Amino acid sequence: MKNIAVIGAGYVGLVLAACLSELGENVICVDKDKRKLEKLKKCKVHFYEQELSELIKKNMKDKKLEFSECTDYAVRKSEIIYIAVGTPSKDDGSVELKFVYDAITDIANSMNGYKIIVNKSTVPVGTGTKLKETIKKRLKERGKKYEFDVVSNPEFLREGSAVYDFMNPDRIVIGTNSERARKVIRAVYNAFDNKKVPFIFTNNESAELIKYTSNCFLAMKIAYINEIANLCEKVGANIQHVANGIGKDHRINSKYLQPGPGFGGSCFPKDNLALVRIAKEYGEEVSIVDQVIKSNEKQKLRMILKITNIMGKNLVDKKIAILGLTFKPNTSDMRESSSLVIIPKLIDCGAYIQVFDPEGIDEAKKYFNGLEHSIKYCGDEFEAVSGVDAVIILTEWEKFRNLDLELLRKNMKGQYFFDLRNVYERDQVEKCDFSYIGVGK
Ligand code: UGA
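Predicted, not measured: the structure shown is a model, and the values here were computed from it.

Caption draft 1: Molecular detail of the site of the ligand. Not every one of the 18 residues close to the ligand is listed here, only the nearest: Phe156, Leu157, Lys211, Tyr256 and Lys328. In terms of residues, the shell around the ligand owes the most to one element, helix 9 (residues 204–235), which gives 3 residues. Classifying every residue of the shell around the ligand by side-chain character gives 9 nonpolar, 3 polar and 6 charged.

Caption draft 2: Structural detail: the sheet that holds strand 10 (residues 352–356). An order of 11-10-9-12-13-14 is seen for the 6 strands of this open sheet, with the pairing classed as parallel. Edge strands, defined here as strands with exactly one partner in the open sheet, are strand 11 (375–377) and strand 14 (435–437). Taken pair by pair, the neighbouring strands of this sheet meet at an average axis angle of 20°, ignoring direction. Both strand 9 (residues 319–323) and strand 12 (residues 390–393) contribute to a ladder of 4 bridges, which runs parallel. Bridging from a neighbouring strand, isoleucine 322 pairs with isoleucine 392 of strand 12. This element, helix 12 (residues 287–311), spans strand 9, strand 12, strand 13 (416–419) and strand 14 of the sheet and lies at about 165° to strand 13. Each of strand 9, strand 10, strand 11 and strand 12 is contacted by helix 13 (residues 339–348), which is oriented at about 155° to strand 10, the strand it contacts most.

Caption draft 3: Expanded view of helix 9. For helix 9, which comprises 32 residues, the first-to-last C-alpha distance of 47 Å matches the rise-based estimate of 46 Å (1.5 Å per residue) to within 8%. Directly beyond the C-terminal end of helix 9, a positive phi value near 80° is found at glycine 236.

Caption draft 4: Layout of helix 2 (residues 34–41). Residues of helix 2 that are buried include every one of Lys36, Leu37 and Leu40, and no others. Looking straight down helix 2, one finds its buried side chains confined to an arc of 95°; they lie on one side. The exposed residues of helix 2 that point more than 90 degrees off its buried face are Lys34 and Arg35. Elements in contact with the buried residues of helix 2: helix 1 (11–22), helix 3 (52–61) and strand 3 (65–68). The backbone nitrogen of arginine 35 has a side-chain oxygen 3.1 Å away, supplied by the residue at the start of helix 2, namely aspartate 33. Trailing helix 2 by a residue or two, cysteine 43 shows a phi angle of about 65°, which is positive.

Caption draft 5: Local environment of the layout of surface pockets. Each pocket or cavity is described by its volume, and for the second largest pocket that value is around 200 Å³. Breaking the lining of the second largest pocket down by element, the ones donating at least two residues are helix 6 (127–142) and helix 11 (268–281). Here the lining of the second largest pocket takes 4 residues from helix 11, the largest share from any one element. Class assignment for the residues of the lining of the second largest pocket results in 8 nonpolar, 4 polar and 3 charged.

Caption draft 6: Structural context of the packing of aromatic side chains. Taken as a whole and judged by the stated rule, the model has 11 aromatic pairs. On the basis of an interplanar angle of 25° and a centroid distance of 6.1 Å, the ring pair of phenylalanine 417 and tyrosine 436 is categorised as stacked. Of this pair, phenylalanine 417 sits in strand 13 while tyrosine 436 sits in strand 14, and the two are 19 residues apart along the sequence. For the pair phenylalanine 417 and tyrosine 436, one class covers both residues: buried. The structure contains a cluster of three or more aromatic residues connected by ring pairs, namely Phe417, Tyr424, Phe434 and Tyr436. Directly above the ring of phenylalanine 156 sits arginine 171, whose terminal nitrogen or CZ lies 3.5 Å from the centroid. Just above the ring of phenylalanine 201 sits the side chain of arginine 182; from NZ or CZ to the centre is 4.6 Å.

Caption draft 7: Quick peek at the pattern of salt bridges. Applying the stated criterion across every chain, the model contains 29 salt bridges. Put simply, aspartate 92 and arginine 277 hold a salt bridge, and the shortest N to O gap is 3.3 Å. Taken together, the positions of aspartate 92 in the loop between strand 4 (80–83) and helix 5 (98–110) and arginine 277 in helix 11 put the pair 185 residues apart, joining distant regions of the chain. A relative accessible area of 45% means that aspartate 92 is categorised as partly exposed. Owing to a relative accessible area of 28%, arginine 277 belongs among the partly exposed residues under this scheme. Salt bridges sharing partners connect three or more residues here, namely Lys137, Arg138 and Glu141.

Caption draft 8: Just empty space enclosed by the protein, in detail. Across all of its chains, the model carries 1 cavity of 30 Å³ or more by this definition. Computed from the structure, the largest cavity encloses a volume of approximately 60 Å³. Considering the residues around the largest cavity, the lining is formed by Asn119, Lys120, Ser121, Thr122, Val123, Ser152, Pro154, Glu155, Ala207, Glu208 and Lys211. A per-element tally of the lining of the largest cavity places helix 9 first, with 3 residues. Along the lines of polarity and charge, the residues of the lining of the largest cavity split into 3 nonpolar, 4 polar and 4 charged.

Rules of the game
- Residues numbered from 1 in each chain as written.
- Predicted model: local features only at pLDDT ≥ 70, side-chain atom pairs only at ≥ 80, totals over all residues.
- Heavy atoms only, no water.
- Near = heavy atom within 4 Å.
- Helix = DSSP H or I, 4+ residues; strand = E, 2+ residues; numbered from the N terminus.
- Nonpolar A, V, L, I, M, F, W, Y, C, P; charged D, E, K, R; others polar.
- Pairing = 2+ DSSP bridges.
- Axes fitted to C-alpha atoms, helices over the stretch in contact; angles between N-to-C directions.
- Contact = heavy atoms within 4.5 Å.
- Expected span 1.5 Å × (residues − 1).
- Buried < 20%, exposed > 50% of the residue type's maximum accessible area, 1.4 Å probe, protein only.
- Arc of directions from axis to C-beta.
- Polar contact = N/O pair within 3.5 Å; in protein donor to acceptor, adjacent residues only side chain to side chain.
- 1 Å grid on protein atoms, 1.4 Å probe; cavity = no way out; pocket = protein on both sides within 12 Å on 5 of 7 lines; lining within 4 Å.
- Points joined across faces, edges and corners; volume = space filled by probe spheres on them.
- Phe/Tyr/Trp six-rings, centres within 6.5 Å; stacked < 30°, edge-to-face > 60°.
- Lys NZ or Arg CZ within 6 Å of the ring centre and 35° of its normal.
- Salt bridge = Lys/Arg side-chain N within 4 Å of Asp/Glu carboxyl O.

Right under this line is the structure:
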């Protein structure tokens, strides 16, 4: 059993802290946001993520997980310190590293012996080396000669299935030149040995680049299938058959081949921008990644055209129901969701919008602040479709996969059914007197 500090109680930090304590470690999770901490101390998580609250409750009760606002206390007590703070995009697409450097300075101020600092935040290549220099400098100022190592250990969990993903990783990447740190961090993940999880041992730089390359590759797959879906609509092909046809090739595989209204979330959009920036700084071009960003922006706008081509550009006096607001199902996260582009544009065209999302409504209200006169927030899908001319599925929540289509149609005025996540088959929907419009079919 090891003492571990996790700096940052955001998505990654909280899941990490809860899961490490579940694996048997003693974990102190630190955050500077007092309101967040007050909630966490009462086992309440400030966002929706299945299994997470239960895991936190259980491990707090077993005294394996505690929350604190005091980095000093956590660092002094722990040999391993994970950094899991946000690295948002700046306006120019570069990565804001302020929170990482704040954390590293706090750690260096409190070090009282050998420490392994493990970075989980997504950071530009070379950051690990710069963090080492920052610690060295601060220790020198303090007149201390403690040994330490910095390890890059990127996280690949997805929101909505974060606990499952953490506990069932495809691989674990450990980036460090220190044999001592490698052994200790490898041992943290001993619990995964029976799952035969592959370990990739490498240096900091490669580990940092693996994270970006992985996210940008997945984003590229989505952008590619979206463009092929658009072509399918022109040539009379069906994207689901095409995706199935290529996905069966093991070299391609069928994951991340679902076309839709463009990818969103706190990672893919930000990481694509960052990779372009990083390459530029080193005089290189990742033009494919650049194209993925443009293609994704276009895809969101294309969804609006899809709607206005059928319903007309003037949507005054038209009511539209939107089912799903979050960037993907099973999360309350609205960051970079395509709904943030599509809904305001429809309102610009004059439409009145009735929305329902199983977990995202409270969060959505913050983003659509000022648009209250044109948006009605509804308690369920039936209220949302009441009297509307069209319904649009924007996020594929499980709930929306099993809609009572006949009842839905009865509640609506018009017949348009825009299935922007290809949840339904055309026949199934048109049988209930709808006009079906999917993506790429
Ligand atoms: C992504 C990566 O999948 C994780 O491996 C990574 O750890 C995480 O970013 C991160 O860097 O923290 P996440 O953003 O939570 O995870 O969600 P994804 O499930 O990957 O979906 C991202 C977006 O792509 C969503 O908007 C989703 O709707 C869209 N998507 C995904 C598609 O449009 N089609 C697909 O086939 C798959």
